[in-house]
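Take a look at the letters that make up each chain.
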Amino acid sequence: MTEVTRTWSCMCGAFEAKVIGDPALACWCHCQSCRKQTGAAMQLGVWSDVEIVKGGDDLIGFEKTPGSGVIRNSCAKCGSFCYKILPSGKVAPLGALEGGPTVKPTCHIFVADKGDQDVMFPELPQHDAFP
Ligand SMILES: [Zn+2]
Ligand SMILES: [Zn+2]
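What comes next concerns the included structure. Just so we're clear, the structure is a prediction, and the values are computed from it rather than from any experiment. (Residues numbered from 1 in each chain as written. Chains lettered and ligands numbered in written order. Predicted model: local features only at pLDDT ≥ 70, side-chain atom pairs only at ≥ 80, totals over all residues. Heavy atoms only, no water.)

## Some remarks on the overall build of the chain
Across its full length, the chain carries one helix and ten strands. Ordering the α and β elements of the chain from the N terminus gives β-β-β-α-β-β-β-β-β-β-β. For 131 residues, the compact-globule formula gives about 14 Å, and the C-alpha radius of gyration of the chain, at 14 Å, lands near that figure. Every one of the 131 residues in the chain was classed for burial, and the buried ones make up 40%. Taking the average place of the 12 positive charges on the side chains of the chain and the average place of its 14 negative ones, the gap between the two points comes to 4 Å. (Helix = DSSP H or I, 4+ residues; strand = E, 2+ residues; numbered from the N terminus. Rg over C-alpha atoms; globule rule 2.2 N^0.38 Å. Buried < 20%, exposed > 50% of the residue type's maximum accessible area, 1.4 Å probe, protein only. Lys, Arg positive; Asp, Glu negative; His and termini not counted. Charge placed at Lys NZ, Arg CZ, Asp CG, Glu CD.)

Okay, here's the thing in structure tokens:
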């Protein structure tokens, strides 16, 4: 069986990346950082690796908690969220993916941190951290 490839790019097109196969985890993240970064709860997918196609040198990396190993990479030109590095893998923004079957989030994470305006899907399990 051939593994599916999904691609995405930032708004201006300077950054492009791809992931192969299905994510280890797909979820809605309600943490304050994702909400501040995106203006909404973030649909994220965790893969073991994200393959940068172009623009990897033109990203701005931001580590909110120094030493955490959690680094959010955004395009220096258009500001789009491009991908995030976790100690356990790399995170792609599900809302920006193109190609392949839809990746549907299967749970909510960082629910204790959710904003007053967040929409919850009550049929999905809720966690206060990564499950
Ligand atoms: Zn861009
Ligand atoms: Zn988050």
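Having seen it, we continue.
## Description of the coordination of the zinc ion (ligand 1)
Taken together, the protein ligands of the zinc ion (ligand 1) are Cys10 (SG), Cys12 (SG), Cys75 (SG) and Cys78 (SG), with distances of 2.3 to 2.4 Å. In this structure, the zinc ion (ligand 1) is surrounded by four donor atoms whose angles at the metal cover 105 to 114°, and the resulting shape is tetrahedral. Motif for the zinc ion (ligand 1), donor spacing along one chain: C-x1-C-x62-C-x2-C. (Donors = N, O, S within 2.8 Å, 3.2 Å for Na, K, Ca; no water. Tetrahedral: all angles 85-135°; square planar, octahedral: opposite > 155°, others 65-115°.)

## Here we look at the coordination of the zinc ion (ligand 2)
Binding of the zinc ion (ligand 2) to the protein goes through Cys29 (SG), Cys31 (SG) and Cys34 (SG), at separations of 2.1 to 2.3 Å. Read in sequence order, the donor residues for the zinc ion (ligand 2) give the motif C-x1-C-x2-C. Among the residues examined, Cys29 registers a relative accessible area of 1% and is labelled buried. With a relative accessible area of 11%, Cys31 lands in the buried category.

## Thoughts on the pattern of salt bridges
Under the counting rule described, the total for this entry stands at four salt bridges. Taking the shortest distance from any N to any O, the salt bridge between Asp49 and Lys90 comes out at 3.3 Å. With Asp49 in the loop between β4 (42-47) and β5 (51-54) and Lys90 in strand β9 (residues 89-93), this residue pair connects regions lying 41 residues apart in the sequence. Asp49 gets classed as partly exposed once you look at its relative accessible area, which sits at 44%. (Salt bridge = Lys/Arg side-chain N within 4 Å of Asp/Glu carboxyl O.)

Distances and angles like these do not, on their own, reveal function.
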